[in-house]
Amino acid sequence: MPWKNQSGGPWGSGPKGPWGSGPQPIGPRPPDLEDLLRRGQDRLQQFLPGGFFSGFGIGLIILGIVVIWLFSGVFRVQSEELGIVMRFGKYVRDAQPGLNYHLPYPIETVLLPKALRVNTTSIGMTLIDDPTRRGRTKRDVPEESLMLTGDENIVDVEFTVLWRIKPSGAADYLFNIQNPEGTVKAVAESAMREVIGRSNIQPILTAARTATETAVQELMQKTLDRYGSGILVQQVQMERVNPPAQVIEAFNDVQNAKIDFERLQNEAQTYANRVVPDARGRAAQITQSAQGYKQQTVAEAKGQSARFLKVYEEYAKAKDVTRERIYLETMEHILGGSEKLVFDGNATGKQGVVPYLPLGELTPKRQSPATTGSAPQESGATR
C-alpha cells in the first residue's frame, strides 16, 4: 500500500509508521517542560497572590538579587595560589589558600597568581614539544648562550633559573612588572654575562661552576629587588658549559697540552724536592766538618804557640839548663823508638879491635812494653 494513501502523513495517522506500527516508548517518559513551568507559576502565585509585579513580589526579587550579589564575593584560593584583593583597583590585602570573601564586584575584585608554584626559565635553549617522540626536545639558542669570558675566550653556557613569587611580594609581582617571565629571562642572561665576563674560561669549565651559579643568583636577586618585582630566585643551574662547537676540538687539544705541562712540571718539582734537600744536607755536613777541622787546627796552633812561649820564658831564665833539657827531650823523642848500637873506638887510632863486628848478634831483641812492663834498655859496648 503506498504511503500517500495513509492519512496523517507518509506514515499515516496515529502511532503507525510505514511498516504498520509506530515507535514504541522504552522506559519512563521525560517530564513535559511546559507542565513544569505551569506548576512553578502556580506555586509562585500561592506565595505572591498579587503577582510578580506587586510590591511584595518586586521586593522579593530585589532581595534575591541582593543576596546573590553578596554571595558573589565568596571565592576559593587554591593551594598554589595567593589571593590579591583590590578595592576599586587599589591593592588592599592578601588572601591565603582556602575559602575567602571579598566585597562583591565592582567594589572589590580578586586576582589569583600562582604565587607558590616554582617556575622554570631556560636561557640558551628552548624546549619544544615533539609529538613523534612523545616528549620535549631541546633546541639550542646560540644568541643567548654564547658569552665572552674575562680572558677573551668564547664559552657556550646553557642554564636554568628556578624562581617563584615571594610570599609577601604578590602585589609587586602583579603591578610593578609587565612581563614577569621575560623580565626574569633578561635579568638572568645579563647577570650570567656579567659573571662570565669577570672570570677566566678554565675555572668556569671545571671547579668554579658552583661559585658561578651562586654569583649569578645573588646578582639576579639584587637586580629584581631593585625593580621591586616581588620575585624570589631559588636556584641557578648550569646545564652545559662548553667551548663553541666550531673550536671544541682545538680547545681540547690546548687543554690536553696544559695538562701534560702541569704533569711534567709536577714531576720535575717532585725530583727537585727529593734532590735539593739531599744536596743541602751534604753541603751542610761538609761545612760542619770544615768548621770542626778549622777549630781543631786553630786550637792546636794556639796550644803549641802557648807551649813555645812558656818554654821560651824558662829558657830566658836559665839558658844552659834549658838548652840541655831541650836537647835531651828532643833526642829522647827522636831516638826513643829506634834500635841503638854504641861503639867506642880507640882514641889513639890503633886498631885494637876485632875487624869483624857481628852487629846482629850484639843487638838485643826488642820486647813489647806490654810483656816486660818497662821500656827496653839500651845496650852498649864497654870501653
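Scope of this entry: the structure provided in the associated data block. Note that this is a predicted model, so its numbers are computed, not measured. All residue numbers here refer to positions counted from 1 along the written sequence of the relevant chain. Two thresholds apply to this predicted model, a pLDDT of at least 70 for residue-level local features and 80 or more for giving and counting side-chain atom pairs, whereas whole-chain, interface and lining totals are computed over all residues. Each side-chain value is derived from all of the structure's non-hydrogen atoms; neither hydrogens nor water enter the calculation.

**A few points about the overall build of the chain**
Piece 1. Strands are runs of DSSP state E lasting at least 2 residues, helices are runs of H or I lasting at least 4, and numbering of each runs from the N terminus. A tally of regular secondary structure across the chain gives eleven helices and eleven strands.
Piece 2. Residue burial is assigned from relative accessible area. The probe radius is 1.4 Å, only protein chains are included, and a residue is buried under 20% of its type maximum, exposed over 50%, and partly exposed in between. Sorting the 383 residues of the chain into buried and exposed places 22% on the buried side.
Piece 3. Sequence separation of 24 or more characterises 61% of the internal contacts of the chain that already satisfy a separation of 6 or more.
Piece 4. On the chain, roughly 28600 Å² of surface is accessible, and the fraction owed to carbon and sulfur atoms is 57%. Contact criterion: two residues are considered in contact whenever any of their non-hydrogen atoms come within 4.5 Å of each other. Computed with a 1.4 Å probe, the accessible areas rest on the Shrake-Rupley method; for each residue, only the protein chains presented here act as cover.

**Thoughts on the packing of aromatic side chains**
Piece 1. Working definition: a ring pair exists when centres of Phe, Tyr or Trp rings (six-membered ring for Trp) sit within 6.5 Å. Plane angles under 30 degrees give stacked, over 60 give edge-to-face, the rest tilted. A complete count under the given rule lists one aromatic pair for this structure.
Piece 2. Aromatic side chains Trp-163 and Tyr-173 sit 6.4 Å apart centroid to centroid with 40 degrees between the ring planes, which places their arrangement in the tilted category. Taken together, the residues span a long stretch of sequence, with Trp-163 in strand β10 (residues 154-165) and Tyr-173 in helix α4 (residues 170-175) at a distance of ten residues.
Piece 3. Residue Tyr-173 is classed as buried on the basis of its relative accessible area, which comes to 15%.

**Side note on the nonpolar core**
Piece 1. Among the nonpolar cores identified, the biggest contains 35 residues, and Val-157, Phe-159, Val-161, Met-192, Met-220 and Val-236 are the most heavily contacted of them.
Piece 2. Setting aside residues no more than four positions away along its own chain, Met-220 makes contact with Val-161, Val-184, Val-187, Ala-188, Ala-191, Val-233 and Val-236. We call a set of buried Ala, Val, Leu, Ile, Met, Phe, Trp, Tyr and Cys residues a nonpolar core when their side-chain atoms join them within 4.5 Å.

**With respect to the sheet that holds strand β3 (residues 90-95)**
Piece 1. Here a strand pair is declared whenever DSSP counts at least two bridges between the two strands. Spatial strand order, β3-β2-β5: three strands in an open sheet with antiparallel pairing. Each edge of the sheet is formed by a strand with only one pairing partner; in this case those strands are β3 and β5 (108-111). Sheet twist, expressed as the mean angle between neighbouring strand axes with direction ignored, is 30 degrees.
Piece 2. Relative to β3, strand β2 (residues 83-87) runs antiparallel, the two being bridged by five bridges. In the sheet register, Met-86 faces β3, and the bridge partner there is Tyr-91. In this analysis, axes come from line fits to C-alpha atoms, helices being fitted only over the stretch in contact, and the angle between any two N-to-C directions falls in the range 0 to 180 degrees.

**Quick look at the pattern of salt bridges**
Piece 1. A side-chain nitrogen of Lys or Arg and a carboxyl oxygen of Asp or Glu constitute a salt bridge if their distance falls within 4 Å. All told, the structure shown has ten salt bridges when counted by the stated rule.
Piece 2. For Glu-267, the salt bridge goes to Arg-263, with nearest N and O atoms at 3.4 Å. Within this pair, Glu-267 and its partner Arg-263 are both found in helix α8 (residues 248-317), separated by four residues, close to a single helical turn.
Piece 3. Classification of Glu-267 as partly exposed rests on a relative accessible area of 45%.
Piece 4. On the basis of relative accessibility, which here comes to 42%, the residue Arg-263 falls in the partly exposed class.
Piece 5. In this structure, Asp-278 and Arg-282 form a salt bridge, with 2.9 Å as the shortest nitrogen-oxygen distance.

**Some remarks on the packing of α8 against helix α9 (residues 319-335)**
Piece 1. Closest axis-to-axis distance for the α8/α9 pair is 6 Å, and the angle between their directions is 135 degrees. Taken as axis vectors, α8 and α9 run oblique relative to one another. Here α8 contributes Val-311, Glu-314, Tyr-315 and Lys-317 to the contact with α9, which in turn contributes Lys-319, Thr-322, Arg-323 and Ile-326.
Piece 2. Polarity classes work like this: nonpolar for Ala, Val, Leu, Ile, Met, Phe, Trp, Tyr, Cys and Pro, charged for Asp, Glu, Lys and Arg, and polar for all others, with Gly in that last group. Looking at side-chain class alone, the contact of α8 with α9 contains three nonpolar, one polar and four charged residues. If an angle is under 35 degrees, it is roughly parallel; if it is over 145, roughly antiparallel; if it lies from 65 to 115, roughly perpendicular; otherwise it is oblique.

**Side note on the layout of surface pockets**
Piece 1. Here a cavity is any set of points on a 1 Å grid over the protein atoms alone where a 1.4 Å probe fits but cannot get out, and a pocket is any open set with protein on both sides within 12 Å along at least 5 of 7 lines; a residue lines the site when it has an atom within 4 Å of a point. Grid points are joined across faces, edges and corners, and a volume is the space filled by probe spheres set on the points. Size it by volume and the second largest pocket reaches roughly 210 Å³.
Piece 2. For the second largest pocket, the lining is made up of 13 residues, of which Asp-156, Arg-240, Pro-244, Ala-245 and Gln-246 are closest to its centre.
Piece 3. Only α3 (142-145), β10 and β11 (231-242) provide two or more residues apiece to the lining of the second largest pocket.
Piece 4. Per-class residue counts for the lining of the second largest pocket are seven nonpolar, three polar and three charged.

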